[in-house]
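Structure assessment
Here are the chains, one letter per residue:
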Amino acid sequence: MPKALIEQGAEMMIVTNGSPWRRTIERERKAAFSGWYQAWPGNKAMVFVNQVGGQDELVFDGASFSRDTSGDMVQRMPAFEEALDCAEWVRTGEGWECGGAVQAPLLSGLEADWKAMVLALRDYVEKAGFPGVVLGMSGGIDSAISAAIAVDALGPERVWAVMMPSRYTSEESLEDAKACAEMLGVRYDIIDVEPTIEAFGRTLAEAFRGTEPDTTEENIQSRARGVVLMALSNKFGPMVLSTGNKSEMAVGYATLYGDMNGGYNALKDVYKTEVFELAWWRNAQTRTPGLGPAGQVIPERIITKPPTAELREDQKDEDSLPPYDVLDAILFALIEEERSVRDLVAEGQDEAVVRRIENLLYGAEYKRRQAPPGVKIGNKNFGRDRRYPITNRFKSGD
């Protein structure tokens, strides 16, 4: 199409686009448009105008730009925000030159990830008509970072954090959840779910007679919290914000109708190790990246303490999973790079560990089908980009 238009005399290409963001998009755009310039005969200018905003699992970053006849970047608009710039184009003997244009900084890394999640959540809530969000504030890293994203997206007055302790909730978690809520400036309430859990126990006592407690009882705790959050949502209107990360969703360490409850999940495409990196990054911001306060918004102890769901005594995530740096490396290779077990074993990974993680990954597909949507960050988000069969015993082989 560009070649045909140029053959008819076009000297400047104005590209109106709806190009969704992902971490690799800048490299992809550069490669695509560099190829266009090489293919065009003569010196032609180009203006790329891109959509801005969130739409379900996608976020459009804007970041519109212009290139002159030599292919140099002469105008760049801000990313993840609406903006208007008036540039002056002048015809010269060599083609077209652009003057007086904005040159906004190119966003990348954790800053781009954060702003993508903030914009995607804001637009999802706004366009769906919710007055705000409510989420479970556990004193852990996932709920803390989700609350921080929500505050930057919507402002603290539209975020409601609820701590729902049980007998296994530590004093540290109670302290950390309250401290985080205060740093963020959000409404914070404590609703004790232990009576609800005990009521479930009495209801199921006869049916469970002669059995030992296991993950069933742990899931009941999570589902009790899910019921509370959904009740608050139904009664007062805020959307429930789910707080699970991609590592948990990959291996199925999330409870259907429990912590998976929600209308949206800002962390759905973010691995656990990346969650920690984002927490350190957000705390280091001396200028606010959104509507929330600048500086530290997550207590350091939340970031440094061992992750735990606190569903049984002295529980730690690493009781049943490899350390997250090991787990995420395996998951990234299996999901983002679509590599085989054989490849990973050849690189030195423990075969038994890799095969176990692969089995967990396939086995949790049915849960992911029922998960709330979340913004696409990488190249292989669950749902739109990676959708595997549930019931035909699909295996990738070696």
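A short tour of the structure in this document, coming up. (Residues numbered from 1 in each chain as written. Predicted model: local features only at pLDDT ≥ 70, side-chain atom pairs only at ≥ 80, totals over all residues. Heavy atoms only, no water.)

**Focus: helix α4 (residues 141-154)**
In a regular helix each residue adds 1.5 Å, so 14 residues correspond to 20 Å; α4 covers 20 Å between its end C-alpha atoms and thus fits that length. Here α4 lies mainly inside the structure; 14 of its 14 residues are buried. (Helix = DSSP H or I, 4+ residues; strand = E, 2+ residues; numbered from the N terminus. Expected span 1.5 Å × (residues − 1). Buried < 20%, exposed > 50% of the residue type's maximum accessible area, 1.4 Å probe, protein only.)

**Let's talk about the sheet that holds strand β2 (residues 45-50)**
The 4 strands are arranged β1-β2-β5-β6 in an open sheet whose pairing can be described as mixed. Each end of this open sheet is capped by a strand with a single partner; those strands are β1 (12-17) and β6 (73-76). Neighbour-to-neighbour, the strand axes of the sheet open up by a mean angle of 10°, direction not taken into account. Examined bridge by bridge, β1 and β2 share 6 bridges and lie parallel to one another. Across the sheet, residue Asn17 finds its bridge partner in β2, namely Asn50. (Pairing = 2+ DSSP bridges. Axes fitted to C-alpha atoms, helices over the stretch in contact; angles between N-to-C directions.)

**Comments concerning the packing of helix α11 (residues 324-335) against helix α13 (residues 351-363)**
One way to put it is that α11 packs onto α13 with a least axis distance of 10 Å and a crossing angle of 60°. As the angle between them shows, α11 and α13 are arranged oblique. Two packed elements cross with a definite hand, and for α11 against α13 that hand is right-handed. Residues Leu327, Ile330, Leu331, Leu334 and Ile335 of α11 touch α13, and the partners they reach there are Val353, Val354, Ile357, Glu358 and Leu361. The residue inventory of the contact of α11 with α13, partitioned by class, reads 9 nonpolar, no polar and 1 charged. (Parallel < 35°, antiparallel > 145°, perpendicular 65-115°, else oblique. Left-handed = near helix turned anticlockwise from the far one by under 90°. Contact = heavy atoms within 4.5 Å. Nonpolar A, V, L, I, M, F, W, Y, C, P; charged D, E, K, R; others polar.)

**With respect to the sheet that holds strand β10 (residues 159-163)**
Reading across from one edge, β11-β10-β9-β12-β13 is the order of the 5 strands in this open sheet, with parallel pairing throughout. With one partner strand each, in any of the chains shown, β11 (187-190) and β13 (264-265) form the two edges of the open sheet. Both strand β9 (residues 133-136) and β10 contribute to a ladder of 4 bridges, which runs parallel. When the bridges of β10 are listed, Leu135 appears paired with Ala161. Against the sheet, α4 engages β9, β10 and β12 (239-242), with an angle of about 170° to β9. Sitting on the sheet, helix α5 (residues 171-184) is in contact with β10 and β11, with an inclination near 160° to β11.

The values reported here are purely geometric and, on their own, carry no functional implication.
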